[in-house]
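# Architecture at a glance
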Amino acid sequence: MSRQLWTHARLATLAPGAAAPYGLVDDGALAVEDGTIAWVGPRAELPPAWRRGVDEHDAGGALVTPGLVDCHTHLVWAGDRAREFELRLQGASYEAIAQAGGGIVSTVRATRAASEAELLAQSRRRLRALLAEGATTVEIKSGYGLSEAAEAKCLRVARRLGAEERVTVRTTFLGAHALPPEFAGRPDAYIDEVVRMLPLLHAQGLVDAVDAFCERIGFSLAQTQRVFEAARALRLPVKLHAEQLSDSAGTQLAAGFGALSCDHLEWLGEDGVRAMARAGTVAVLLPGAYYFLRDTRVPPVDLLRRHGVPMAVSTDCNPGTSPCTSLLLMLNMACTLFRLTPEEALAGATRHAARALGLADRGVLAAGRRADFVLWDVAEPAQLAYAFGANPCRTTIVEGTIR
């Protein structure tokens, strides 16, 4: 039996309903047994059983938060899209670039051509940058293969990254991300292929959830519904890229399938917010993509608050619209661009992000939760969102073990 005790810590538990902001506990202690938090609270109230026979660590007054959760990334890809960045700065729109054969399809070409070893090496660098800032759980979507073999390759790389880098990786099948060139003009036929692929990839243990890009340059409501029905037949949860470029009512469709999350949401209307609230669907805000695309329409944060929809924050790490590997920077952008409070932003990268992945065992510091937590060289939780470009991460603990 492994028993550790962390003392002299300032705990930001992020526990829902806590009386203090951030669920703060000054001069706190955190007890871990076999990878699970066994007790958390003021050090003066530590139970006698935890005062002996433990491996004790002095946190030295560090702020301690739950491990960060990046709940929306496209981290496995090859190539880059720096030229498209230049074109957008010269006035080309994201949609125009995509319609001219750039965008997602250009990354598909590079990803299909890369070997599994090449993909692993490139993606590992991106993942390690996230881990250096306290990430302990990361979602990785496919969607840059768009064929059975290439999608399987990307998902295998994602699984290997989780195993080799000691981080929880949740894999999401995003076959309905874009129309591959061999299916040009035949979107329904490609959805047939996505529906065929899904059970085969799932049978290989490669799929934890299913996503789709429901948008005028992506797939229609009817096509997205077919993908979600295939996911439901396999008892896989769904997520959705929704309302990024227009209000297509994708959130209502996703909510009808009990979606874990709807993501982007710049054009989300009140009907969609109400549907998400009824379904318990998390709103995943992606300020990196908003910033990179120089959007001007922000997600309806006040409306989401009013209806009690939890808001997660993520990097959306991808080559075309958010080539970012800093979740801490996203906390700052969520505050400065979307007007979240620092407390909402931190909850968005911990508690709500975990919920967006269907993981109820992490995201807060509480007894019974997985012992994923981070020691930070700051005094106040707001400093994590305040100092953009800084990385005050001192130590990351994953399932009770120092990484």
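Fair warning: this is a prediction, and the values are worked out from it, not measured in the lab. (Residues numbered from 1 in each chain as written. Predicted model: local features only at pLDDT ≥ 70, side-chain atom pairs only at ≥ 80, totals over all residues. Heavy atoms only, no water.)

### So, the confidence of the model for the chain
Mean pLDDT over the chain: 96, with 100% of residues reaching 70 or higher. For the chain, helix α2 (residues 94–99) is the element with the lowest average pLDDT, namely 75, and strand β6 (residues 68–70) is the one with the highest, namely 99. (pLDDT = per-residue confidence, 0-100. Helix = DSSP H or I, 4+ residues; strand = E, 2+ residues; numbered from the N terminus.)

### Observations regarding the side chain of Arg370
Structurally, Arg370 is set in the loop between α14 (351–356) and β14 (373–376). There is a polar contact of 3.3 Å between the side chain of Arg370 and the side chain of Thr168. Within the structure, Arg370 has its side chain in polar contact with the side chain of Glu399 (distance 3.4 Å). In this view, Arg370 contacts Gly35, Ile37, Thr168, Asp361, Arg362, Val398 and Glu399; residues no more than four positions away in its chain are not counted. (Polar contact = N/O pair within 3.5 Å; in protein donor to acceptor, adjacent residues only side chain to side chain. Contact = heavy atoms within 4.5 Å.)

### Considerations on the packing of helix α6 (residues 187–203) against helix α7 (residues 221–233)
As a packed pair, α6 and α7 sit with axes 10 Å apart at the nearest point and diverge in direction by 10°. When the interaxial angle is binned, α6 and α7 end up roughly parallel. Across the interface between the two elements, Pro187, Asp188, Ile191, Asp192, Val194, Val195 and Leu198 of α6 pack against Gln223, Arg226, Val227, Ala230 and Ala231 of α7. Residues that form the contact of α6 with α7 fall into these classes: eight nonpolar, one polar and three charged. (Axes fitted to C-alpha atoms, helices over the stretch in contact; angles between N-to-C directions. Parallel < 35°, antiparallel > 145°, perpendicular 65-115°, else oblique. Nonpolar A, V, L, I, M, F, W, Y, C, P; charged D, E, K, R; others polar.)

### Some thoughts on the environment of Gly23
Summarising the element assignment, Gly23 is placed in the loop between β1 (3–12) and β2 (24–33). On the basis of relative accessible area, Gly23 is assigned to the buried category, the value being 8%. On a C-alpha basis, the gap between Gly23 and Leu11 in space is 7.6 Å, while along the polypeptide they are 12 residues apart. Each residue touching Gly23, except ones within four places of it in the same chain, is listed here: Leu11, Ala12, Thr13, Leu14 and Ala18. (Buried < 20%, exposed > 50% of the residue type's maximum accessible area, 1.4 Å probe, protein only.)

### Comments concerning the pattern of salt bridges
Scanning the entire structure with this criterion turns up 25 salt bridges. A salt bridge links Arg10 to Glu380, with the nearest nitrogen and oxygen atoms 3.1 Å apart. Here the residue Arg10 occupies a position in strand β1, and Glu380 occupies one in the loop between β14 and α15 (383–386), the gap between them amounting to 370 residues. On the basis of relative accessible area, Arg10 is assigned to the buried category, the value being 18%. Across the salt bridge formed by Asp27 and Arg43, the nearest N and O atoms sit 3.0 Å from each other. Here Arg43 lies in the loop between β3 (36–42) and β4 (55–58) and Asp27 lies in strand β2, a separation of 16 residues in the sequence. Taken together, the shared-partner salt bridges connect Arg124, Arg128, Arg160, Glu164 and Glu165 into one network. (Salt bridge = Lys/Arg side-chain N within 4 Å of Asp/Glu carboxyl O.)

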